[in-house]
Amino acid sequence: MEQGKQYKTTRSSKGRFEVVCLVENCSWMVRARGIKSTTAFQVTKVVDQHTCCATKLESNHRQSKKKVLGHFIAEVLAGDYNRVYRGNEIVRDINSKFPINISYQQAWRAKQYALLMLRGTKEDSFTKLPVYLHNLVKHNPGTVTQIRTDDDDRFEFVFIALGCSVRAFIKYCRPALIIDGGHLKGEFKGTMLLAVTMDGQNQIMHVAYAICKSECAETWSWFLRNLRECIGNLEDLTIISDRAPSIATSIANIFPHAHHGICGIHLYFNISAKFGSSDTIQALFWETCKVYTIKKFDNGMKKIKNVNNRVWEYQQNINPERWVRAHFPGNRYFLMTSNSAESINSMSRFARKMPILMLIEYFRATMQQWSFQKRNVAAETKTTLTPWAETIIQANKNACNNWMVYPISNSRFEVKISTHKSVIVDFQQRTCTCRRWQIDGLPCGHVIKVLTMSRYEDCSEFALKAYFTETLRKTYEESVNPLPSPSEWEIPDDLMTVKPLIMERRQPGRPRNTGCILSQGERPIRQECSTCGQFGHTRNDCTGRGSGSGSGGRKKSTQKGIMTDEFASGSGSQNESVYPTFDFNNTFDLNCP
């Protein structure tokens, strides 16, 4: 291959093997004879000089088999974990490395062989799952893992909750969880279940995750039951999810005292699917969804009724305690959507093609890297509150410049916003009639105005402890520990047997490679060229460069099907990537928000 030459086999038997150069009349050849009573061959003649002068690149090199090329591709994938190695890139790299020419099909087969070398088979992944979880618990104290199999020892569920994440959530985070599911895309067509929370910097933090056969009431009940054993029955727990009936039933049974809210985006998608999209309805919906008082909610619903009575009737049939901040019986803490869990699903869209063991290790490695980076950032933060909380307070402070304060008592004050509008701030009860303070956990503009008039500049003590920088440091003070090399794993005596599921026959044709399965009413984002601003193509395919602005053209950032209304700082990278191979000695270089 290095010389760009090819050979052909002229004789192949148990007693003799002979190959010659593919070019006629070339003297290059290798001959070997079989050694009697063995399977070995002894080389008897070698002519190692080519007398041909062929320099033409063939369309398909005969010796560039998948096993030969697979070793070169495996070196690339094992050394660069953040790379998606596409077929045309492989063709280009191999053609530049060797004076040969391979086809796209050869590159694709070689890549699949390389991935098989790095990842192993599906059967190996399920077989090694119990011993992997045993060592995960050993090196990460307090970690909870559960495996469930059927009567034939075939896989059904697996649940993982790292001990450091569970302890950080219980002690230092707001009592709010966002749960969601995502489809796996590899040979095992299962479902991944997630439970995440937001730290004081409003960054995503994993709490627990699971892999099961499908998303239904049984699997969600099993997942939430294991989750409850980890976190207990937290007081005023809030759980945000989509509108799946299986989730609602499971939460009601497993966490009867928790407050269950639904994602505003999923609800609006349902409205859009039934009654069509409308910018006016969309704006009124979010205005009504996010208000803090019942009066503002009623006014918003009246506006919706005047614009579209059918949408109003549809919303009337939905319990407002599920989707309206003003009616919610608990605190939603800025969490009006399930974007955080959706972001993890988007980040792991390529990892969900991996075997189950590599997928679990991918999440552990991701949590290890995120914890390390967030710990370093928190250590360098100098403010009393986290930078995200300081931004919110500064915005509230900027809105209260023209308000007036009138004392009622030593602890109660009236804040006059306008001639006909005022609110009451009660420091003894720690409430404001605008309800932002008690719902969000951060001082609203009315509280800040009273403190400013009282010459009390530091308002941090009136915020929840979860928003303090010191609390953020404690959240990530524990590390997520890696596992040693598989050869050093401890193997218990009572190791359970886990067999892979018998999967249904795959549909013919090339598998879909989309980022996600769109929800009901969700529409894909149209491609927009950053050079000419037209829809339907990107700048790579743009033919109007002369009239555009070139590399400095207008750029537009979008997120497929999602309108982000909260600071989801831990949303993960949108770049395609090939995720870590099963080598526990490497330091994984993962994208961390």
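Residues numbered from 1 in each chain as written. Predicted model: local features only at pLDDT ≥ 70, side-chain atom pairs only at ≥ 80, totals over all residues. Heavy atoms only, no water.

A. Geometry of the pattern of salt bridges. Scanning the model with the defined rule gives 14 salt bridges in all. A salt bridge links E156 to K213, with the shortest nitrogen-to-oxygen separation between them at 3.9 Å. In this pair, E156 sits in strand β6 (residues 155-161) while K213 sits in the loop between β9 (204-212) and α7 (217-231), placing the two residues 57 residues apart along the sequence. Its relative accessible area of 11% is what places E156 among the buried residues. Given the relative accessible area of 37%, K213 is considered partly exposed. Between R167 and E478 there is a salt bridge whose closest N-O contact spans 2.7 Å. Here the residue R167 occupies a position in helix α6 (residues 163-172), and E478 occupies one in the segment after α19 (469-475), the gap between them amounting to 311 residues. Through salt bridges that share partners, R148, E156, K213 and E218 make up one connected network. (Salt bridge = Lys/Arg side-chain N within 4 Å of Asp/Glu carboxyl O. Helix = DSSP H or I, 4+ residues; strand = E, 2+ residues; numbered from the N terminus. Buried < 20%, exposed > 50% of the residue type's maximum accessible area, 1.4 Å probe, protein only.)

B. Highlighting helix α8 (residues 245-254). For α8, the set of buried residues is S246, I247, S250, I251 and I254. Buried residues of α8, viewed axially, fall in a sector of 125°; they line one side. Exposed residues lying more than 90 degrees from the buried face of α8 are P245 and N253. Here the buried face of α8 lies against β7 (176-183), α7, β10 (238-241) and β11 (259-262). (Arc of directions from axis to C-beta. Contact = heavy atoms within 4.5 Å.)

C. Seen up close, the pairing of strand β8 (residues 191-198). For β8, the buried fraction is high: eight of the eight residues fall into the buried class. Burial along β8 is two-sided: T191, L193, A195 and T197 facing one way and M192, L194, V196 and M198 facing the other are all buried. Relative to β8, β7 runs antiparallel, the two being bridged by six bridges. Bridged to I178 within β8 is V196. With eight bridges joining them, β8 and β9 adopt antiparallel strand pairing. Bridge pairing links M192 to I211 in β9. (Pairing = 2+ DSSP bridges.)

D. Representation of the packing of aromatic side chains in the model. By the definition in use, this model includes 22 aromatic pairs. Considering the side-chain rings of F285 and W286, the 5.2 Å spacing of their centres and the 75° angle between planes classify their relative orientation as edge-to-face. Both residues of the pair, F285 and W286, belong to the buried class. Centroid distance F427 to W437: 5.9 Å. Interplanar angle 65°. Geometry classified as edge-to-face. A residue pair is termed long-range when its members are at least 10 positions apart, and F427 in the loop between β14 (421-426) and β15 (431-432) and W437 in helix α17 (residues 436-440) qualify at 10 residues. Taken together through their ring pairs, the aromatic side chains of F157, F159, W220, W222 and F223 make up a single cluster. Over the ring of F468 we find K465; its NZ or CZ atom is 4.6 Å from the centre of that ring. (Phe/Tyr/Trp six-rings, centres within 6.5 Å; stacked < 30°, edge-to-face > 60°. Lys NZ or Arg CZ within 6 Å of the ring centre and 35° of its normal.)

E. Region of interest: the sheet that holds strand β13 (residues 412-418). Spatial strand order, β12-β13-β14-β15: four strands in an open sheet with antiparallel pairing. Of all the strands in the sheet, the pair left with one neighbour each is β12 (404-407) and β15. Alignment of β13 against β14, held across six bridges, turns out to be antiparallel. In the sheet register, E414 faces β14, and the bridge partner there is I424.

F. Examining the packing of helix α9 (residues 264-275) against helix α10 (residues 279-290) more closely. Relative to each other, α9 and α10 sit at 145°, their axes nearing to 11 Å. Like other packed secondary-structure pairs, α9 and α10 cross with a definite hand, here right-handed. Along the contact surface, α9 presents G264, I265, L267, Y268 and I271, while α10 presents Q282, F285 and W286. In terms of residue class, the contact of α9 with α10 is built from six nonpolar, two polar and no charged. (Axes fitted to C-alpha atoms, helices over the stretch in contact; angles between N-to-C directions. Left-handed = near helix turned anticlockwise from the far one by under 90°. Nonpolar A, V, L, I, M, F, W, Y, C, P; charged D, E, K, R; others polar.)

G. The arrangement of the environment of C532 in detail. Its location among the elements puts C532 in the segment after α19. A relative accessible area of 27% places C532 in the partly exposed class. Sequence spacing of C532 and C542 is 10 residues, and the spatial spacing of their C-alpha atoms is 7.5 Å. Aside from chain neighbours lying at most four places away, what touches C532 is H537 and C542.

H. Summary view of the pairing of β6. The element β6 is extensively covered by neighbouring structure, given that seven of its seven residues are classed as buried. In the sheet, strand β5 (residues 144-149) pairs with β6 via six bridges, with the strands oriented antiparallel. Note that in β6 the partner of T149 across the bridge is F155. Where β5 folds back onto β6 in an antiparallel hairpin, the turn is made up of five residues, including D153, whose phi is positive at roughly 65°.

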